[in-house]
Amino acid sequence: MAQLIDGKAIAADIRLDLKSKVEQHLASGARPPALSVVLVGDDPASGIYVNFKEKACKQIGMKTETHRLPKETSESELVSLIDQLNNDPEVDGILVQLPLPKQIDKLRIIGRISPIKDVDGLGAKNQGLLSLGLAGHRPCTPLGVMKLLETTGIDLSGKQAAVIGRSILVGSPMVRLLGHANATVTNIHSRTTNARALAREADIIVAAAGVPELVKKDWVKPEAVLIDVGIHRNEGGKLVGDLAFDEVEPIASHITPVPGGVGPMTIAMLLSNCIQAYEWRITGDHPYLVY
Ligand code: GUN
């Protein structure tokens, strides 16, 4: 039986630490850190995620505001809002919830966010700093996965890791973070011809393919560490991930549940990035990011 990695509890501990950090800033007479969230359209899942993010910010004493825009919003209207938030000295972090409606080029919008305020770490500047291993905002979900792996106490150095998926949000930055921790990383994706055989060689699998229950028992090496980034509702209405949990759990050494694994960590890392953005902004001492 695998050891369950309790993302909910780990995230709660991190949020407590962040809350006391905010309290210290407030006690010194500073204003609270502030996040602006932008939500375009009426995707129900996005609406739920944004509500979670708002609530989590408030719980640790941060300021937050959400700009809700109709699904017909044009790219230029959204660019104007981003510029306004970039120029607002009281805004530390800007998060544009994805996906965006079809008429909007998401990379243009993400690229428009001032790198110091890009708390999702998705813009070219932050992804470039990540590639180089230099300080910058790291994308929240892969950063949360690294924290979960840290709690297992497993040394990643020299281990084989397989990342399934190559999105800018998870798969690609995950490959880089694991590489910086000296793992040997294989990136499996939709055009990979021997995904199962490659996954089976891995000591650590991060499943971020967006395919329900893709990773079956015969994809997993005995005693592997399994991290599930997926979240889907199956026909029976049950939440499932990218791992076929019941099949793979008995042979793994550690595994994240869905829900309660990676999900809560994404939000905790967003809060952490917001406080980092705030501290970089008030001190003005970030060596690579433009203010
Ligand atoms: N949509 C799904 N996950 C995320 C995330 O981490 N950040 C943003 N901006 N949008 C998302």
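Residues numbered from 1 in each chain as written. Predicted model: local features only at pLDDT ≥ 70, side-chain atom pairs only at ≥ 80, totals over all residues. Heavy atoms only, no water.

**A look at the overall build of the protein**
When helices and strands are counted, the protein shows ten helices and eleven strands. By the compact-globule yardstick of 19 Å for 291 residues, the protein fits well, its C-alpha radius of gyration being 19 Å. Taking all 291 residues of the protein together, 51% fall into the buried category. Counted over contacts in the protein with a minimum sequence separation of 6, partners at least 24 positions apart contribute 71%. Of the roughly 13,500 Å² of accessible surface on the protein, 52% is carried by carbon and sulfur atoms. Taken as two groups, the 31 positive and 33 negative side-chain charges of the protein have centres that lie 2 Å from each other. (Helix = DSSP H or I, 4+ residues; strand = E, 2+ residues; numbered from the N terminus. Rg over C-alpha atoms; globule rule 2.2 N^0.38 Å. Buried < 20%, exposed > 50% of the residue type's maximum accessible area, 1.4 Å probe, protein only. Contact = heavy atoms within 4.5 Å. Areas by Shrake-Rupley, 256 points an atom, 1.4 Å probe, with all protein chains shown as cover. Lys, Arg positive; Asp, Glu negative; His and termini not counted. Charge placed at Lys NZ, Arg CZ, Asp CG, Glu CD.)

**Looking at the nonpolar core**
Counting 47 residues, the largest nonpolar core has Leu35, Met62, Val145, Leu149, Leu178, Val206 and Ile227 as the members making the most contacts within it. Those residues in contact with Leu149 that lie beyond four places of it in its chain are Ile154, Leu156, Leu178, Ile204, Val225 and Ile227. Counting residues in hydrophobic clusters, the runner-up holds 18 residues, among them Ala202, Trp219, Val220 and Val248. (Core = buried A, V, L, I, M, F, W, Y, C linked by side-chain atoms within 4.5 Å.)

**As for the pairing of strand β8 (residues 225–228)**
Side-chain alternation along β8 places Val225 and Ile227 on one buried face and Leu226 and Asp228 on a second face that is also buried. Where strand β7 (residues 204–207) lies against β8, four bridges are found, and the strand directions are parallel. The residue bridging Ala207 from the neighbouring strand is Asp228, located in β8. Two strands pair when backbone bridges link them, and β8 and strand β11 (residues 254–255) are joined in this way by two bridges, in the parallel orientation. (Pairing = 2+ DSSP bridges.)

**A closer look at a nonpolar patch on the surface**
Taken together, the side chains of Ile48, Tyr49, Phe52 and Ile231 define a hydrophobic patch exposed on the protein surface, amounting to about 380 Å² of accessible area. With respect to the secondary-structure elements, Tyr49 resides in helix α2 (residues 44–59). On the basis of relative accessible area, Tyr49 is assigned to the partly exposed category, the value being 38%. (Patch = residues over 30% accessible without salt bridge, like charges linked within 9 Å, V, L, I, M, F, W, Y side chains within 5 Å. Salt bridge = Lys/Arg side-chain N within 4 Å of Asp/Glu carboxyl O.)

**A closer look at the site of the ligand**
The local shell around the ligand consists of Lys53, Leu95, Val96, Gln97, Leu98, Asp120 and Leu169. Take Val96: an N or O atom from its main chain is 2.8 Å from a nitrogen atom of the ligand. Interatomic distance of 3.0 Å between a backbone N/O atom of Leu98 and a nitrogen atom of the ligand. Considered on its own, the ligand offers 280 Å² of accessible surface; in the complex 84% of this is hidden by protein. (Near = heavy atom within 4 Å. Polar contact = N/O pair within 3.5 Å; in protein donor to acceptor, adjacent residues only side chain to side chain.)

**Details of the sheet that holds strand β2 (residues 34–40)**
Taken in spatial order, the three strands line up as β3-β2-β4 in an open sheet, and their pairing is parallel. In this open sheet, the two edge strands, each paired with only one partner strand, are β3 (63–69) and β4 (93–96). With direction set aside, neighbouring strand axes in the sheet form an average angle of 15°. (Axes fitted to C-alpha atoms, helices over the stretch in contact; angles between N-to-C directions.)

**Digging into helix α5 (residues 124–132)**
The set of residues buried in α5 consists of Asn126, Gln127, Leu129 and Leu130. The buried residues of α5 occupy an angular sector of 155° when the element is viewed end-on, so they sit on one face. Exposed and facing more than 90 degrees away from the buried side of α5 are Ala124 and Leu132. Downstream of α5 by one or two residues, Gly133 has phi in the positive range, about 75°. (Arc of directions from axis to C-beta.)

**Let's talk about the pattern of salt bridges**
Evaluation of the coordinates by the stated rule reveals ten salt bridges. For Lys19, the salt bridge identified is with Glu23, shortest N-O distance 3.6 Å. On the criterion of helical spacing, the pair formed by Lys19 and Glu23 is a turn pair, its members being four residues apart in helix α1 (residues 7–27). For Lys19, a relative accessible area of 31% puts it in the partly exposed group.

**Here we look at the sheet that holds strand β5 (residues 160–164)**
Strands pair in a sheet through their backbones, by hydrogen bonds, and they do so in one of two ways: parallel or antiparallel. Overall, parallel pairing links the six strands, which are arranged β1-β11-β8-β7-β5-β6 in an open sheet. Of all the strands in the sheet, just β1 (3–4) and β6 (184–188) have a single pairing partner and so form its edges. Relative to the sheet, helix α7 (residues 171–180) contacts β5, β6 and β7, its axis offset from that of β5 by approximately 170°.

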